[in-house]
Amino acid sequence: MQPQITVRPAVEADYDAVARITRDSYLAAGYFEDADHPYMRKVQDVALRAGHATIWVAERDGQVVGSVTLARAGEPYADIALEDELEFRMLVVDPVVQRSGAGRVMVDAILEYARQLDGIKAVALTTGQTWESAHGLYRKTGFRRVPERDWLVPGTDIKLLVYRLDV
């Protein structure tokens, strides 16, 4: 039997683990070549992110094994959220425990949370075009592509795909 995974708000003591898991998962997936890329440096500054967005962690056996960042329209970490959407970003699971269900548990917790928010009718996210394992998770949890909302990372030719799920 798999150990139980719980999702909770991140606290300052979690920030180093969140930074490491974000770095390791992005590098392991081949999203970036090294941790010194400007975007990689930004996502590893968890204290800065926590000052502008909600960060949750997934925990198993007292260890942080994943994290996700939540944002609403108009907040600094919202890239695509419409007024009636909760957006999640930077959903990561430690490569050592990927495929353990932590990603699914976090997505389910996000959906449950969104259903309780006044004015929120959907959850939206952006993912990379080639991030197949992420696409699989989002499809399995009911998200649908919204190709008319796809966008390019400013200053690059990197296309990001948008998914949405009505709650």
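Here, every reference points to the structure presented above.
Residues numbered from 1 in each chain as written. Predicted model: local features only at pLDDT ≥ 70, side-chain atom pairs only at ≥ 80, totals over all residues. Heavy atoms only, no water.

Quick look at the overall build of the protein chain
Selection criterion: Each helix is a run of DSSP H or I of at least 4 residues and each strand a run of E of at least 2, with the numbering of both proceeding from the N terminus. Here the globule rule reads 2.2 Å times residues to the power 0.38, and the radius of gyration is calculated from C-alpha atoms. Relative accessible area decides the class of each residue, using a 1.4 Å probe on protein chains only: under 20% of the type maximum gives buried, over 50% gives exposed, and in between gives partly exposed. In this analysis, two residues are considered to be in contact whenever any of their non-hydrogen atoms come within 4.5 Å of each other. Residue exposure ignores everything except the shown protein chains as possible cover, and the areas themselves are Shrake-Rupley values with a 1.4 Å probe. The charge count includes Lys and Arg as positive and Asp and Glu as negative, but it does not include His or the ends of the chains. Note on charges: their place is set at NZ of Lys, CZ of Arg, CG of Asp or CD of Glu.
For the protein chain, the count of helices and strands is 5 helices and 8 strands. Along its sequence from the N terminus, the protein chain presents helices and strands in the succession β-α-α-α-β-β-β-α-β-α-β-β-β. Taken against the 2.2 N^0.38 rule, which gives 15 Å for 167 residues, the C-alpha radius of gyration of the protein chain at 15 Å falls within 12% of a compact globule. By principal-axis analysis of the C-alpha atoms, the protein chain measures approximately 40 × 35 × 30 Å. In the protein chain, which comprises 167 residues, the proportion classed as buried is 46%. Here the contacts in the protein chain between residues at least 6 apart in sequence split such that 60% fall between residues at least 24 apart. Within the structure as shown, the protein chain displays about 8,900 Å² of accessible surface, and the carbon and sulfur contribution to it stands at 49%. In the protein chain, the 20 positive side-chain charges and the 25 negative ones have mean positions that sit 5 Å from each other.

Considering the side chain of D14
Going by this rule: Pairs of N or O atoms within 3.5 Å make up the polar contacts considered here, provided that, within protein, one atom can donate a hydrogen while the other can accept it, and that residues adjacent in sequence are counted only when both atoms are side-chain atoms.
In this fold, D14 is placed in the loop between β1 (5–9) and α1 (15–28). Classification of D14 as buried rests on a relative accessible area of 7%. Among the polar contacts made by the side chain of D14, one reaches the side chain of R8 at a distance of 2.7 Å. Residues within four places of D14 in sequence aside, it is in contact with R8, P9, V57 and V64.

What is shown is where atoms sit, not what they do.
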